[in-house]
Amino acid sequence: MASHLSGGKVNVALVQDEYKKDLLRLLSKCEGPKAIVWDKGLEGPVGLIAKYELLRDNEVIKMFPMTGDRLPNVVAKIKNLIFISRPKLSLMDLVAKHIHWEEQSSTNKREFHLFFVPRRSKVCEKFLMTKGVFGTLTFIEEFACNLFPFDSDLMSMELEDAYKEYHLENDPTCLYQVAESVMGLQRLFGTIPAVYGKGAGAKHVCDLMHRMARERMGLEPPQPKIDRLLLLDRSVDLLTALATPLTYEGLIDEIFSINNTTARFPAERFTKADEMLSDMPTQKKKIILNSADELFAEIRDKNFNAVGPTLSRKARLISSQFEERHGEKTVQEMKQFVARLPHMMAAKASLATHTTIAELIKELTDSDDFLESLQTEQEFMNGIDTDRVHPYIEDCIAQKHPLLKVLKLLCMQSITNSGMKAKVLDHYKREILQTYGFQHILTLRNLESVGLLRVQHSSRPYTILRKMLRLTVEDESEITPTDISYVHSVYAPLSVRLAQHLVSPGGWKGMQDILGLLPGPTIEETQLDKQGKDLVGTQPSQTEVVLVFFIGGCTFSEVSALRFLSQREDSNVEIVVCTTKLINGGLFLKSLMEPLSIDINN
């Protein structure tokens, strides 16, 4: 069991263990040597649940990503070929091609199997019938893995397009999966007594949960370990999804991208000078980022300006620990020193790694381009120059900066001004199409459809919300913060402010006016046990556990802000975060861009 998943009243490692057992049960059906062909979108997430060593112990000899190319000849000698895939027609087409190729190239008796993640699809099965391979499959199974554990307080469904599917394409499939995820957690940790939520997606999930609960009335859940559930539709707070994070982990994701707790960095920056001369590395260096690394656990949620002093303090501490070996010591003291040595060496290596990463980040955050863009973001957050064509955005378009950067600033201006004047929006759209190409008209249409870009109406909800929820905070310390606004230096994520009010003594009472300014319905419900009794208040506990579930994506800055709330000295709340996907501004906008916009970095 991975140690970084354990801890707290809600043991995330239990979720991992449940899915692991299910996968091994499926593999055991396929007797004999096995080769797995992964849907590339699942290889990383499923790898968090079942490490290669575990699969190898269950006769998995080879693993390959699912591509349009033939598999190596060595596969023809392996009895079982297992496809593990999400239910997408494009992937079923690849499955069919591989089965045809393998049947043509092998004379051995073979068995083909398909495991759908997270559930079977009749549409996909009919598609396989039309391709003539459905009858060839020995086992078609369902690997019902909805949540992938990233850390002891963080799980993700890894649904990249959940926001687009629901809000742009009106496809609620992802909401069914969210409801299934919550019901799965309730089977492990008990029925959650109180459910709160905001937004259309949250209401839809809540309704689905009621229906599923009625269908499964016979099951006896354990005693509740989670006290409250907060469902948040991403549409309630679009600004935070776009804002540049200023925490250490958030900036790593913004610059280098974190996928399934792993980031890739320029390998040459981690190589000693003498090694570089002999063999210049060309590969990226992969680094796993989770709380198993003690130093990373300490600095991940800090504002980047607080990371340098922390690393310096750690360096002095480690140096003093190594200096101890020079003093005169008894045999017992020497034994104790030697026993501590592996931990000290690991701490020294971790310090070197994170010092290098911090240097890489600083090179970008010190650049004029980054600072000017950040200043513009923060002006918008404070309601400055939001109602006119902004000169910095005009300059970015004129100099043909990356389109993603321009669109991000444009959407932030629209959100903070509660829409733009028609002539301002038309001016921006005209400039973008003339500079970047008319194919982007479809992307601009998408952004308008989901409310990221829109014409201003009479009401100005952002201005009111900014004051009533203290969304902008001046002079907050980045080194020793007292407020969640430190994650963006001046801006407190609206989503986390809602969570903060919920876990405060008054809860959401008296917040009807504020909640009414946000899109979608508000949910405040209690769930009943099998006898129909209200579960709220039946589980006395010093620490309250709150599950915050983001529908449509969650940023690393929001995760850091929620951890800050639960780690304060006066807090008696433990917060667990679930999301359809961990996102940043770039990922969020890319999911809404049309495929025609191929070269988005120009």
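What counts, and where the lines are drawn
- Residues numbered from 1 in each chain as written.
- Predicted model: local features only at pLDDT ≥ 70, side-chain atom pairs only at ≥ 80, totals over all residues.
- Heavy atoms only, no water.
- Helix = DSSP H or I, 4+ residues; strand = E, 2+ residues; numbered from the N terminus.
- Buried < 20%, exposed > 50% of the residue type's maximum accessible area, 1.4 Å probe, protein only.
- Contact = heavy atoms within 4.5 Å.
- Areas by Shrake-Rupley, 256 points an atom, 1.4 Å probe, with all protein chains shown as cover.
- Lys, Arg positive; Asp, Glu negative; His and termini not counted.
- Charge placed at Lys NZ, Arg CZ, Asp CG, Glu CD.
- Salt bridge = Lys/Arg side-chain N within 4 Å of Asp/Glu carboxyl O.
- Polar contact = N/O pair within 3.5 Å; in protein donor to acceptor, adjacent residues only side chain to side chain.
- Axes fitted to C-alpha atoms, helices over the stretch in contact; angles between N-to-C directions.
- Parallel < 35°, antiparallel > 145°, perpendicular 65-115°, else oblique.
- Left-handed = near helix turned anticlockwise from the far one by under 90°.
- Nonpolar A, V, L, I, M, F, W, Y, C, P; charged D, E, K, R; others polar.
- Pairing = 2+ DSSP bridges.
- Phe/Tyr/Trp six-rings, centres within 6.5 Å; stacked < 30°, edge-to-face > 60°.
- Expected span 1.5 Å × (residues − 1).
- Patch = residues over 30% accessible without salt bridge, like charges linked within 9 Å, V, L, I, M, F, W, Y side chains within 5 Å.
- Core = buried A, V, L, I, M, F, W, Y, C linked by side-chain atoms within 4.5 Å.

Draft legend 1. Highlighting the overall build of the chain. What the chain contains, in helices and strands, is 24 helices and 17 strands. Burial statistics for the chain: of 602 residues in total, 52% are counted as buried. Taking the intrachain contacts of the chain between residues at least 6 apart in sequence as the baseline, contacts between residues at least 24 apart amount to 78%. Element-wise, carbon and sulfur atoms account for 52% of the exposed surface of the chain, whose accessible area totals about 27200 Å². Each charge class in the chain was averaged separately, 72 positive and 79 negative side chains, and the resulting centres sit 4 Å apart.

Draft legend 2. Broad picture of the pattern of salt bridges. Following the criterion strictly, the structure yields 33 salt bridges and no others. Residue R563 pairs with D301 through a salt bridge whose shortest N-O separation is 3.0 Å. Of this pair, R563 sits in helix 23 (residues 556-567) while D301 is found in the loop between helix 12 (294-299) and helix 13 (304-323), placing the two residues 262 residues apart along the sequence. We classify D301 as buried; its relative accessible area is 10%.

Draft legend 3. Molecular detail of the side chain of T472. Its location among the elements puts T472 in the loop between helix 20 (461-468) and helix 21 (494-503). Exposure remark for T472: the relative accessible area of 15% places this residue in the buried category. Side-chain polar atoms of T472 contact the side chain of R466, separated by 3.1 Å.

Draft legend 4. The packing of helix 18 (residues 422-436) against helix 19 (residues 441-449), seen in detail. Two numbers describe how helix 18 lies on helix 19: the axes approach to 10 Å, and their chain directions differ by 150 degrees. Between helix 18 and helix 19, the angle is such that the two are roughly antiparallel. In this structure, helix 18 crosses over helix 19, and the sense of that crossing is right-handed. Residues L425, K429, I432 and L433 of helix 18 lie in contact with helix 19, whose contacting residues are I441, L444 and E448. For the contact of helix 18 with helix 19, the class distribution of residues is five nonpolar, no polar and two charged.

Draft legend 5. A look at the packing of helix 16 (residues 391-398) against helix 18. Between helix 16 and helix 18, whose axes approach to 10 Å, the crossing angle comes to 20 degrees. Between helix 16 and helix 18, the interaxial angle falls into the category roughly parallel. Crossing hand, helix 16 versus helix 18: left-handed. The residues of helix 18 that touch helix 16, namely those facing I393, E394, C396 and I397, are H427, Y428, E431, I432, T435 and Y436. By residue class, the composition of the contact of helix 16 with helix 18 is six nonpolar, two polar and two charged.

Draft legend 6. Up close: the sheet that holds strand 10 (residues 258-259). Pairing in this open sheet of three strands is antiparallel, and the strands run 10-11-12 from one edge to the other. Each edge of the open sheet carries a strand with a single partner, namely strand 10 and strand 12 (284-288). Looking at chain direction, strand 11 (residues 262-266) and strand 12 are connected through five bridges and run antiparallel. Note that in strand 12 the partner of A263 across the bridge is I287.

Draft legend 7. Representation of the packing of aromatic side chains within the structure. Inspection of every chain in the model, using the stated rule, returns six aromatic pairs. Connected via pairs of aromatic rings, a cluster forms that spans F256, F265 and F270.

Draft legend 8. Main features of helix 4 (residues 89-105). Helix length check: helix 4, at 17 residues, gives a terminal C-alpha distance of 25 Å against a target of 24 Å (1.5 Å per residue), a fit within 8%. Looking at helix 4, one finds that the buried residues are L91, M92, L94, V95, A96, H98, I99, W101 and E102. Summarising the contacts, the buried residues of helix 4 are in contact with strand 3 (80-85), strand 4 (111-116), helix 5 (122-130) and strand 5 (137-142).

Draft legend 9. Structural detail: the side chain of D227. Topologically, D227 is positioned in the loop between helix 8 (200-215) and strand 9 (228-233). Of the residues examined, D227 reaches a relative accessible area of 16% and is grouped as buried. A distance of 2.7 Å separates a polar atom in the side chain of D227 from the backbone nitrogen of V545.

Draft legend 10. Molecular detail of a negative patch on the surface. A cluster of like negative charges, contributed by D368, E372, E394 and D395, occupies part of the molecular surface. For the negative patch, the secondary-structure elements that each account for two or more residues are helix 15 (368-381) and helix 16. Position of E372 relative to the elements: it lies in helix 15.

Draft legend 11. Seen up close, the nonpolar core. I252 and L452 are the most contacted members of the largest nonpolar core, which totals 165 residues. If you tally residues by element for this core, the top one is helix 17 (residues 403-416), at nine residues. Other than its neighbours up to four places away in sequence, L452 contacts L238, L242, C411, S414, I415, L447, F588, L589 and L592. The next biggest cluster of nonpolar side chains, apart from the first, holds 23 residues, and it includes L71, I99, F116 and C124.

Draft legend 12. How the structure looks around a nonpolar patch on the surface. Judged by side-chain polarity, I464, M468 and L517 come together as a nonpolar surface patch covering roughly 240 Å² of accessible area. Residue position: M468 is located in helix 20. Since its relative accessible area comes to 44%, M468 is described here as partly exposed.

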